[in-house]
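Here's the letter readout for the chains.
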Amino acid sequence: MSPPQQPTSINPNSLKIRLAYRFLHNLNNLNTKRSNLDTTRIQRSHRVKLAAYASMAYVVGSRRAWSRAILWKIRNRAVLARFKRVDHKITTPLRHHHAHAGSAKRRTPNYSNPKREYSDPFGNSGQEVKLRKLVPGSSTMDALGLLDETADYIKCLATQVEVMKNLVDLYSII
């Protein structure tokens, strides 16, 4: 005998519903603005990824540092790309080919212990430094704020994955 299923109530304010609606809205905008025929698979997957991150950050709003960082990065990506190109042209040194250019460099052995915990000069643990690299917008917050933002970011990522799985299941039936 199978266990009775819980009745599913559709709350229009739930994170899943809002995330699914915004993600589908962003995907629809991608399909109407640009033709998918002239883009490569990598470009399309990059645009879908942007749509997923934008929808997740938009649904959460500006109350979280990670969502503000994602929205800022998406809004300013064209400007940032232009600056990267300019900086790259200015700061990249000219490479001269010498006769010994093909010779192998001498490697120094790495004696660091991988189990040893890294500690930076500011007192952050190695795990905290790694966590700051994963959570957008976390470079200026304290450890407690970092954990709070990380918990919310993980919750939203898990919800996003669940929504995307449900959408794939739904569209694979059709």
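Above: the structure in question.
A. Highlighting the overall build of the protein. Scanning the protein for helices and strands turns up 6 helices and 0 strands. Mapped from its N terminus to its C terminus, the protein presents α and β elements in the order α-α-α-α-α-α. Classification of the 174 residues of the protein by burial places 24% in the buried group. Per element, the accessible surface of the protein, about 14,600 Å² overall, is 58% carbon and sulfur.

B. Expanded view of a nonpolar patch on the surface. Taken together, the side chains of Leu 24, Leu 170, Tyr 171, Ile 173 and Ile 174 define a hydrophobic patch exposed on the protein surface, amounting to about 580 Å² of accessible area. A per-element tally of the nonpolar patch places helix 6 (residues 143-173) first, with 3 residues. Residue placement: Leu 24 occurs in helix 1 (residues 15-33). With relative accessibility at 33%, the residue Leu 24 sits in the partly exposed group.

C. Representation of the pattern of salt bridges in the model. Summed over all chains, the structure comprises 6 salt bridges. The partner of Arg 132 in a salt bridge is Glu 128, with the nearest N and O atoms 2.8 Å apart. You can see Arg 132 and its partner Glu 128 sitting in helix 5 (residues 126-134), 4 residues apart, about one turn around the helix. Classification of Arg 132 as buried rests on a relative accessible area of 18%. A salt bridge links Asp 152 to Lys 155, with the shortest nitrogen-to-oxygen separation between them at 3.8 Å. Taken as a pair, Asp 152 and Lys 155 lie in helix 6 at a separation of 3 residues, close to a single helical turn.

D. Structural context of the packing of aromatic side chains. One pass over the full model with this rule turns up 1 aromatic pair. Between Arg 22 and the ring centre of Tyr 58, over which it is positioned, the NZ or CZ distance is 3.8 Å.

E. Molecular detail of the packing of helix 2 (residues 41-60) against helix 3 (residues 65-75). At a closest axis distance of 9 Å, the pairing of helix 2 and helix 3 adopts a crossing angle of 135°. With respect to their mutual orientation, helix 2 and helix 3 come out oblique. Crossing handedness for the pair helix 2 and helix 3: left-handed. Seen from helix 2, the contacting residues are Leu 50, Tyr 53, Ala 54, Met 56, Ala 57, Tyr 58 and Val 60; seen from helix 3, they are Trp 66, Ser 67, Ile 70, Leu 71 and Ile 74.

F. Highlighting the side chain of Thr 150. Here Thr 150 shows up in helix 6. Once residues within four sequence positions are removed from consideration, Thr 150 is found in contact with Leu 131 and Val 135.

G. Focus on the environment of Tyr 53. Within the secondary structure, Tyr 53 sits in helix 2. Residue class for Tyr 53 comes out partly exposed when judged on its relative accessible area of 26%. Between the C-alpha atoms of Tyr 53 and Leu 157, which are 104 residues apart in sequence, the distance is 9.1 Å. If we skip the residues at most four places from it in the chain, Tyr 53 touches Ile 70, Ile 74, Tyr 153, Leu 157 and Gln 160.

H. A look at the nonpolar core. Judged by nonpolar contacts, the single largest core of 20 residues is most densely connected at Met 56, Trp 66, Ile 70 and Tyr 153. At the level of secondary structure, the elements contributing two or more residues to this core comprise helix 1, helix 2, helix 3 and helix 6. It is helix 2 that provides the largest number of residues to this core, a total of 7 residues. Residues within four places of Ile 70 in sequence aside, it is in contact with Tyr 53, Met 56, Ala 57, Pro 136 and Tyr 153.

Cut-offs used in this document
The residue numbering used here restarts from 1 in each chain and proceeds along that chain's sequence as written. Reporting in this predicted model follows two pLDDT cut-offs: at least 70 for local features of residues, and 80 or more for side-chain atom pairs to be given and counted; totals over whole chains, interfaces and linings ignore these cut-offs and use all residues. Processing note: side-chain calculations cover all non-hydrogen atoms of the structure and skip hydrogens and water entirely. Secondary structure counts use DSSP, requiring at least four H or I residues in a row for a helix and at least two E residues in a row for a strand, with both numbered from the N terminus. The buried label applies to any residue whose accessible area, calculated with a 1.4 Å probe on protein chains only, is under 20% of its type's maximum; exposed applies above 50%, and partly exposed to all values in between. Shrake-Rupley sampling with a 1.4 Å probe provides the accessible areas, and residues are treated as covered by the protein chains on show and by no other component. Note that patches include only residues with greater than 30% relative accessible area and no salt bridge, and the join distances are 9 Å for like charges and 5 Å for nonpolar side chains (Val, Leu, Ile, Met, Phe, Trp, Tyr). Should a side-chain nitrogen of Lys or Arg be within 4 Å of a carboxyl oxygen of Asp or Glu, the pair is scored as a salt bridge. Between the rings of Phe, Tyr and Trp (Trp by its six-membered ring), a pair exists once the centres lie within 6.5 Å; its type follows the angle of the planes, with under 30 degrees stacked, over 60 edge-to-face, and the other angles tilted. Throughout this description, the term charge over a ring refers to an Arg CZ or Lys NZ atom that lies within 6 Å of the ring centre and within 35 degrees of the ring normal. An axis is simply a line fitted to the C-alpha atoms; with a helix, the fit covers only the stretch in contact. Between two such axes, the angle follows the N-to-C directions and lies from 0 to 180 degrees. Note on angle classes: values under 35 degrees are labelled roughly parallel, values over 145 roughly antiparallel, values of 65 to 115 roughly perpendicular, and the remainder oblique. In this scheme, a crossing is called left-handed if the near helix is turned counterclockwise away from the far one by less than a right angle; it is called right-handed if the turn is clockwise. Contacts: residue pairs with any heavy atoms within 4.5 Å of one another. Residues enter a nonpolar core if they are buried and are Ala, Val, Leu, Ile, Met, Phe, Trp, Tyr or Cys, with the set joined through side-chain atoms within 4.5 Å.

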